[in-house]
Amino acid sequence: MAYRVLWASRVASYLRISVFHRGFSTVIKDLKYSDTHEWIKVDGSSATIGITDHAQDHLGDVVYVELPEVGTTVAQGKGFGAVESVKATSDVNSPVSGEVVEVNSELTGSPGLVNASPYENGWIVKVNMGDTGELNSLMDSEQYSKFCEEEDAKH
Amino acid sequence: MTLAQARNVVLPCMKLLRMSAVPILEQLHLEERLLRTSVDNWCIVNDRTNRPTIVMGVSGRPSELIELKSVLRDQIPVIKRFTGGGTVIVDDGTVFISFICNKNAISGLQPYPHPIMSWTGQLYSEVLRGFGDFHLRENDYAFNSHKFGGNAQSIIKERWIHHTSFLWDYDIKNMEYLKLPTRAPKYRSARPHVDFLCRMKEYVPSKSTFIERTIKSLGSYFLVKPFDLDDITTEPPCTLPHSTKLLSRQELEDAYSSQCENLP
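Please read these numbers as outputs of a predicted model, since none were measured by experiment.

Calculation notes
- Residues numbered from 1 in each chain as written.
- Chains lettered and ligands numbered in written order.
- Predicted model: local features only at pLDDT ≥ 70, side-chain atom pairs only at ≥ 80, totals over all residues.
- Heavy atoms only, no water.
- Helix = DSSP H or I, 4+ residues; strand = E, 2+ residues; numbered from the N terminus.
- Buried < 20%, exposed > 50% of the residue type's maximum accessible area, 1.4 Å probe, protein only.
- Contact = heavy atoms within 4.5 Å.
- Areas by Shrake-Rupley, 256 points an atom, 1.4 Å probe, with all protein chains shown as cover.
- Core = buried A, V, L, I, M, F, W, Y, C linked by side-chain atoms within 4.5 Å.
- UniProt positions renumbered as here; feature names shortened; annotations may be inferred.
- Buried area = accessible area lost by both parts, 1.4 Å probe.
- Salt bridge = Lys/Arg side-chain N within 4 Å of Asp/Glu carboxyl O.
- Polar contact = N/O pair within 3.5 Å; in protein donor to acceptor, adjacent residues only side chain to side chain.
- Pairing = 2+ DSSP bridges.
- Right-handed = clockwise from strand over helix to strand, strands pointing away.

**Topic: the overall build of chain A**
Stage number 1. When its secondary structure is counted, chain A shows five helices and 11 strands.
Stage number 2. Taken over 155 residues, chain A has a buried fraction of 49%.
Stage number 3. Considering only intrachain contacts with a sequence separation of at least 6, the fraction spanning at least 24 residues in chain A is 62%.
Stage number 4. Summed over all atoms, the accessible surface of chain A reaches about 7500 Å², with 49% contributed by carbon and sulfur.

Have a look at this one:
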């Protein structure tokens with residue numbers, strides 16, 4: 001995990017993006033985050049969604065990703081798919097409402113991308129957002145880092 | 001006096017549902033409905049099921065996991081369940097115990113696969129103290145290195161389920177319907193079913209001893225209250241992408257045909 005943080009720093013430096021390092025999980029600046037550990041990268045009225053480094057680390061090795069069909073309607077806070085890690089299925093919830101326009105079919109053959117590259121190659125769906133105002137209820141990177149620290153401290 | 005009583009802690013309630021010979025498909029449908037629509041904590045005990053049935057995890061592929069030719073010949077039902085994990089064949093020698101909990105029900109427990117698995121390992125370690133060398137081996141319950149309990153979980157926004165099929169007894173002939181899985185725990189060491197598994201009845205005096213001790217151990221974490229199956233309303237669950245389902249004969253035949261076509 002320490003190696004992953006060091007690697008992330010080098011990649012971030014190359015790509016000129018800022019990263020926060022909270023403990024051993026990476027948080028990417030400029031993304032928004034839900035309290036169920038999904039991230040969202042906004043591009044106008046479109047967005048890419050995945051699960052965070054904190055989530056993949058706590059779930060363990062992902063062996064299967066259940067993807068929705070293109071055209072599926074998603075609602076903020078509601079499940080649209082799932083990841084399976086060893087013995088558990090865990091719902092993936094949408095940070096925003098909208099319509100699925102693309103799914104990451106690479107995850108069907110390589111579910112481990114969610115672990116290896118949660119913010120890049122391990123993205124799960126792309127959506128057209130119905131209401132960009134919903135983004136205001138999400139956390140920024142600093143808030144999410146604090147949220148994760150508080151959550152881990154409770155246990 | 002339980003530990004919680006000694007500490008004067010207010011425990012969350014857990015509803016206890018005891019069943020006998022309920023078909024496993026019906027049990028799984030009930031569990032998924034309670035997970036997704038109830039706000040209560042539940043312990044469900046089914047002390048056996050009514051007929052041999054194969055139960056795969058959510059991502060299971062029949063051609064990889066079961067001996068389709070004999071399953072089709074002998075008309076063994078095959079279910080794909082809503083939780084993760086591997087494939088089992090259950091019958092009247094199987095005891096089922098399931099926990100459905102709100103994510104904050106157990107103080108200090110993070111609602112993720114490993115902490116939940118670890119908590120259940122502590123619970124059953126207490127239950128089975130004195131009956132055998134109990135271990136949580138990777139994600140299985142074992143006496144020494146012989147598995148007697150298989151686990152699976154599903155975690156949603158505010159709740160989780162952890163359910164177990166315990167091999168009180170089993171018919172070795174039924175195990176022949178299952179292939180050796182490609183994804184297996186390291187401690188299995190490629191052993192065939194007969195060398196890997198064991199029967200709980202060779203370690204524990206009776207099913208009722210095991211079940212009563214489990215309920216007693218739960219009392220350290222919950223106020224356990226008996227509940228009647230008849231009191232649960234019978235609305236069917238909403239259709240979910242990963243709902244438990246019985247595979248049709250056509251689906252099994254298609255899998256078998258595809259498997260035959262892919263043979264060298």
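**Details of the nonpolar core**
Stage number 1. Grouped together as the largest cluster of nonpolar side chains are 35 residues, with contacts concentrated most on F99, Y124, L128 and F210 of chain B.
Stage number 2. Elements represented by at least two residues in this core include exactly β1 (13-19), β2 (41-46), β6 (94-102), α5 (113-127), β8 (140-143), β9 (146-155), β10 (159-167) and α8 (207-218) of chain B.
Stage number 3. For this core, the leading source of residues is α5 of chain B, giving five residues.
Stage number 4. Residues contacting F99 of chain B, with those up to four places away along its chain left out, are W42, C43, W119, T120, L123, Y124, W160, I161, H162, T214 and L218 of chain B.
Stage number 5. If you look at the next biggest cluster of nonpolar residues, it comprises 24 residues, including I51, L59, F80 and V100 of chain A.

**Side note on the UniProt feature "domain: Lipoyl-binding" (unreviewed entry) in chain A**
Stage number 1. In this numbering, the UniProt entry assigns the feature "domain: Lipoyl-binding" (unreviewed entry) to residues 46-128 of chain A.
Stage number 2. As annotated, residues 46-128 of chain A comprises 18% helix and 43% strand, and the C-alpha atoms at either end are separated by 5 Å.

**What to know about the UniProt feature "domain: BPL/LPL catalytic" (unreviewed entry) in chain B**
Stage number 1. As recorded in UniProt, the feature "domain: BPL/LPL catalytic" (unreviewed entry) lies at residues 38-226 of chain B.
Stage number 2. The span residues 38-226 of chain B carries 24% helix and 30% strand; its end-to-end C-alpha distance comes to 16 Å.

**Observations concerning the interface of chain A and chain B**
Stage number 1. With 23 residues of chain A in contact, the opposing surface of chain B contributes 26 residues.
Stage number 2. Surface buried jointly by chain A and chain B totals about 2000 Å² across both partners, of which 50% is contributed by carbon and sulfur atoms.
Stage number 3. Summed over the three residues of chain A that lose the most area to chain B, namely K87, T89 and H155 of chain A, the buried surface amounts to 35% of that side.
Stage number 4. There are three salt bridges connecting chain A and chain B.
Stage number 5. Inspection of the region where chain A meets chain B yields 14 residue pairs in polar contact (both at pLDDT 80 or more).
Stage number 6. Mapped by element, the contributors of at least two residues to the side of chain A that touches chain B are α2 (53-59), β6 (62-66), β8 (79-85), β9 (88-93) and α5 (141-153) of chain A.
Stage number 7. Of all the elements, β9 of chain A adds the most residues to the side of chain A that touches chain B, at five residues.
Stage number 8. Pairing geometry for β9 of chain A and β9 of chain B, over three bridges, is parallel. In the sheet register, T89 of chain A faces β9 of chain B, and the bridge partner there is S154 of chain B.

**Here we look at the pairing of β2 of chain B**
All names here are of chain B.
Stage number 1. By the criterion of burial, β2 is predominantly enclosed, with six of the six residues buried.
Stage number 2. Burial along β2 is two-sided: N41, C43 and V45 and W42, I44 and N46, pointing in opposite directions, are all buried.
Stage number 3. Of the crossover connections in this fold, the one passing from β1 over helix α2 (residues 24-37) to the parallel β2 is right-handed.
Stage number 4. Examined bridge by bridge, β2 and β6 share five bridges and lie antiparallel to one another.

**Quick notes on the sheet that holds strand β5 (residues 46-51) of chain A**
Stage number 1. Spatially, β3-β4-β5-β11-β10-β7 (chain A) is the arrangement adopted by the six strands of the open sheet, whose pairing is antiparallel. Pairing within the sheet leaves two strands with one partner each, and these edge strands are β3 (32-33) and β7 (73-74) of chain A.

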